[in-house]
Amino acid sequence: MSKNIFVTQPALPPLDEFIPYLEQIWESKILTNNGQFHRQLEGELAEFLDVPYVSLFTNGTLALFTALQVLRITGEVITTPYSFVATTNALWWNNIKPVFVDVDPIYGNLDPNKIEEAITPMTTAILPVHVYGNPCDVQRIQEIADTYGLKVIYDAAHTFGNKFKGHSILNWGDLSTLSFHATKPYNTMEGGAIVCQDDKTKQRIDYLKNFGFADEVTVMAPGINSKMNEMQAALGLLQLKNHKKNIEKRQQIAKQYCDELNEIYGINLLEHPTELGNYNNSYFPIFIDEKAYGKSRDELYFYLKEKGIYGRRYFYPLISDFPSYRGLESAKSDKLPNARKLAKEVICLPIYPDLNKSDINRIIELIKA
Ligand SMILES: *Cc1c(COP(=O)(O)O)cnc(C)c1O
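Rules of the game
Residues numbered from 1 in each chain as written. Predicted model: local features only at pLDDT ≥ 70, side-chain atom pairs only at ≥ 80, totals over all residues. Heavy atoms only, no water. Near = heavy atom within 4 Å. Polar contact = N/O pair within 3.5 Å; in protein donor to acceptor, adjacent residues only side chain to side chain. 1 Å grid on protein atoms, 1.4 Å probe; cavity = no way out; pocket = protein on both sides within 12 Å on 5 of 7 lines; lining within 4 Å. Sits in = over half its atoms within 2 Å of the grid points. Phe/Tyr/Trp six-rings, centres within 6.5 Å; stacked < 30°, edge-to-face > 60°. Helix = DSSP H or I, 4+ residues; strand = E, 2+ residues; numbered from the N terminus. Buried < 20%, exposed > 50% of the residue type's maximum accessible area, 1.4 Å probe, protein only. Salt bridge = Lys/Arg side-chain N within 4 Å of Asp/Glu carboxyl O. Domains from an automatic or database assignment. Contact = heavy atoms within 4.5 Å. Buried area = accessible area lost by both parts, 1.4 Å probe. Core = buried A, V, L, I, M, F, W, Y, C linked by side-chain atoms within 4.5 Å.

A. Up close: the site of the ligand. Among the 15 residues in the neighbourhood of the ligand, the closest are listed as G60, T61, D155, S179 and K184. H158 places a side-chain nitrogen or oxygen 2.8 Å from an oxygen atom of the ligand. In this structure, an oxygen atom belonging to the ligand sits 3.1 Å away from a side-chain N or O atom of K184. Comparing atom positions with the cavity grids shows the ligand to sit within the largest pocket.

B. Inspection of the packing of aromatic side chains at higher detail. Here the structure, examined in full by the defined rule, presents 18 aromatic pairs. Geometrically, the ring pair formed by Y132 and F315 is stacked, given 6.2 Å between the ring centres and 15 degrees between the ring planes. Of this pair, Y132 sits in the loop between strand 5 (123–127) and helix 5 (138–148) while F315 sits in the loop between strand 16 (309–310) and helix 10 (337–345), and the two are 183 residues apart along the sequence. For Y132, a relative accessible area of 1% corresponds to the buried category. Judged by relative accessible area, F315 falls into the buried class, the value being 6%. Their ring planes at 90 degrees and their centres at 5.0 Å tell us that F180 and Y186 sit as a pair that is edge-to-face.

C. Representation of the pattern of salt bridges within the structure. One pass over the structure, following the stated rule, counts 18 salt bridges. We note a salt bridge from D321 to R340, for which the minimum N-O separation is 3.0 Å. One end of the pair, D321, is in the loop between strand 16 and helix 10; the other, R340, is in helix 10, and 19 residues separate them in sequence. The partly exposed category is assigned to D321, whose relative accessible area is 31%. Through salt bridges with shared partners, a single network forms among E42, K202, D206 and K209.

D. How the structure looks around the domain arrangement of the protein chain. Partitioning the protein chain into structural domains gives domain 1 (15–102 + 109–238) and domain 2 (243–368). In this assembly, 35 residues from domain 1 lie in contact with 36 residues from domain 2. Taken together, the two surfaces of domain 1 and domain 2 that pack against each other cover about 2900 Å², and 63% of this comes from carbon and sulfur. Linking domain 1 with domain 2 are zero salt bridges. Applying the counting rule to domain 1 against domain 2 returns 16 residue pairs in polar contact (both at pLDDT 80 or more).

E. Broad picture of the nonpolar core. If you look at the biggest cluster of nonpolar residues, it comprises 43 residues, and the most contacted ones within it are I78, Y82, I115, I126 and Y132. Looking at this core, the elements that each hand over two or more residues are strand 4 (97–100), helix 5, strand 6 (151–155), helix 10 and strand 17 (346–349). In terms of residues, this core owes the most to one element, helix 5, which gives four residues. Counting residues domain by domain, this core receives three or more from each of domain 1 (15–102 + 109–238) and domain 2 (243–368). In contact with I115, not counting residues within four places along its chain, are I78, V101, L110, I126, I141 and I144. In terms of nonpolar packing, the next biggest core, distinct from the first, is built from 27 residues, L22, V54, M228 and L238 among them.

Following this line, the structure appears as structure tokens:
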């Protein structure tokens, strides 16, 4: 019986390297509230990611939830059905109506050609996702936002470290949000961040993630508590040191998958724009063309599972098909054909730094068989 392989396994530094950080926390008794490690990590991440400001959060969902508050987004927001459910849930928790727009058929990113027809007088913002770390059509989206006076918040949970045309993808839009969840290529166990472009916005974010406190006696808005603690931040500093090595291992795995799976009739691989750099390979999605491959996605998915290979169908079901959202006019199935097709064909294969060659070979052989 071979061991089970899951879609991901978090990378962790050697435990003994983490102990000195913990000793420092125990010594200082500063556990949270913008402590030393929190400040240090904000600085190091801003530099590493090549962005002006990073504000750390306890997780990616609360970063997104708070980002909508930062820009006072209300009414309707145009977003994608092809994402992790947190994207739309953050709207729901802010009492905002999601308006689903279809994605492009290649990358699975919000299709800018379909945004304008979804704009109403209630629309205040666009919330796209850089799915699997491929950049959205950021230029077109910004043009539409400028024309109609809309804000743009990118759910950039998959984009950690990725570049587009030599620059960080995170500098597009008004705000971008990141996730450092255990399943992401850079993790702080749980964690997240908002990236912003100016110090006033950074200030507002930092107030809002700490109950709205501007000083001891001033609450500038009804904020929430979504700040990162010192243990998460300390781990983040250590993880950053190993990040490059982890990404290189992911790149090697992706290459091995590409070389072998490319030749299989009916298995389509994710394409990337040529200007994409530093690609983090957070996911390795394959798309099964049932007719050509001779088996449906679900047949392959359950077959792999039977053999102990736990891929994931990211993103199936579509967010717009969940009970909370399926009643919306924009969720009607005939309106989202590209998203529906991707959701029907996708399996994300296991990819993580410690996945070894023989395990990858086993996965590839099972797909070939
Ligand atoms: C992981 C993820 C989130 C949620 O992040 P958490 O840190 O788990 O709260 C949001 N959006 C997308 C697209 C994600 O992949």
